[in-house]
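Results of the structural survey
One letter stands for each residue in the lines below.
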Amino acid sequence: MEFARGGRTVRSVGFFTELAPGWGFPAEGSLAEAVREFGEADESRVVSYLRGGTWIWAEMGAERDVLDPEGPTLVSAGSLCTDGAWVWREDLSYYLATYHLALPDAFVARVRELAYSPPVVPESRLFEIATRDLGISMDQA
């Protein structure tokens, strides 16, 4: 597998400056600046892909929509999902569906190549992402 920048084994998508925690992934700019008036023709299928990713980290909290203080409360917003090659926050699907975000071409191309069906991520790969990319200690001392 080709390693992403900074020695990471995954690439990140949707880690905007307004959203925390960022897990040390580079911010992709402002969420507000990624908003578009209309989404791609297959946007709902990309949203489904994001929702079908494998959870790798669960956050117990809830956050408000950072672009609309009157918007819904997003439960587990900071949780992380992956398809084994990319990692994203659980709330990315909400922001894409609501605000038609511009996402990286490489990520959207992968989603389309996989026919909008996220692969099953083996436990060994999840362990690698958690320890190497996220810095989560798995010691059971």
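Notes on the structure follow. (Residues numbered from 1 in each chain as written. Predicted model: local features only at pLDDT ≥ 70, side-chain atom pairs only at ≥ 80, totals over all residues. Heavy atoms only, no water.)

Thoughts on unusual backbone geometry
The condition is simple: Strands here are runs of E lasting at least two residues and helices are runs of H or I lasting at least four, both read from the DSSP assignment and numbered beginning at the N terminus. Only protein chains enter the calculation, and the probe is 1.4 Å; a residue is then buried if its accessible area is under 20% of its type maximum, exposed if over 50%, and partly exposed in between.
At H100, a residue that is not glycine, the phi angle is positive and equals roughly 55°. Examined against the element boundaries, H100 turns out to sit in the loop between α3 (92–99) and α4 (105–113). We note that A115 has phi near 55°; this positive angle belongs to a residue other than glycine. With respect to the helices and strands, the residue A115 is situated in the loop between α4 and α5 (123–133). Assessed through its relative accessible area of 49%, A115 is described here as partly exposed.

Looking at the packing of helix α2 (residues 43–51) against α4
Put simply, the rule reads: Simply put, an axis is a line fit to the C-alpha atoms, just over the touching stretch for a helix, and the angle between two N-to-C directions goes from 0 to 180 degrees. For this classification, under 35 degrees means roughly parallel, over 145 means roughly antiparallel, 65 to 115 means roughly perpendicular, and everything else is oblique. A contact between two residues is defined here by any heavy atoms of the two lying within 4.5 Å. Classification convention: Asp, Glu, Lys, Arg as charged; Ala, Val, Leu, Ile, Met, Phe, Trp, Tyr, Cys, Pro as nonpolar; all other residues, Gly among them, as polar.
It is the contact of α2 with α4, at a shortest axis distance of 10 Å, that shows an interaxial angle of 85°. In terms of axis orientation, α2 runs roughly perpendicular to α4. Taken together, the residues of α4 that come into contact with α2 (itself represented by V46, Y49 and L50) are F107, R110 and V111. Here the residues of the contact of α2 with α4 sort into 5 nonpolar, no polar and 1 charged.

So, the side chain of R8
What counts, and what does not: Here the positive residues are Lys and Arg and the negative ones are Asp and Glu; neither His nor the chain ends is included. Whenever a carboxyl oxygen of Asp or Glu lies within 4 Å of a side-chain nitrogen of Lys or Arg, that contact is scored as a salt bridge. By the criterion applied in these results, polar contacts are pairs of N or O atoms within 3.5 Å in which, for protein atoms, one can donate a hydrogen and the other can accept it, and in which residues neighboring in sequence qualify only through two side-chain atoms.
Examined against the element boundaries, R8 turns out to sit in the segment before β1 (11–12). The buried charged residue R8 lacks any salt bridge partner; its closest oppositely charged side chain belongs to D133, at an N-O distance of 4.9 Å. Separated by 3.0 Å, the side chain of R8 and the backbone oxygen of G24 make a polar contact.

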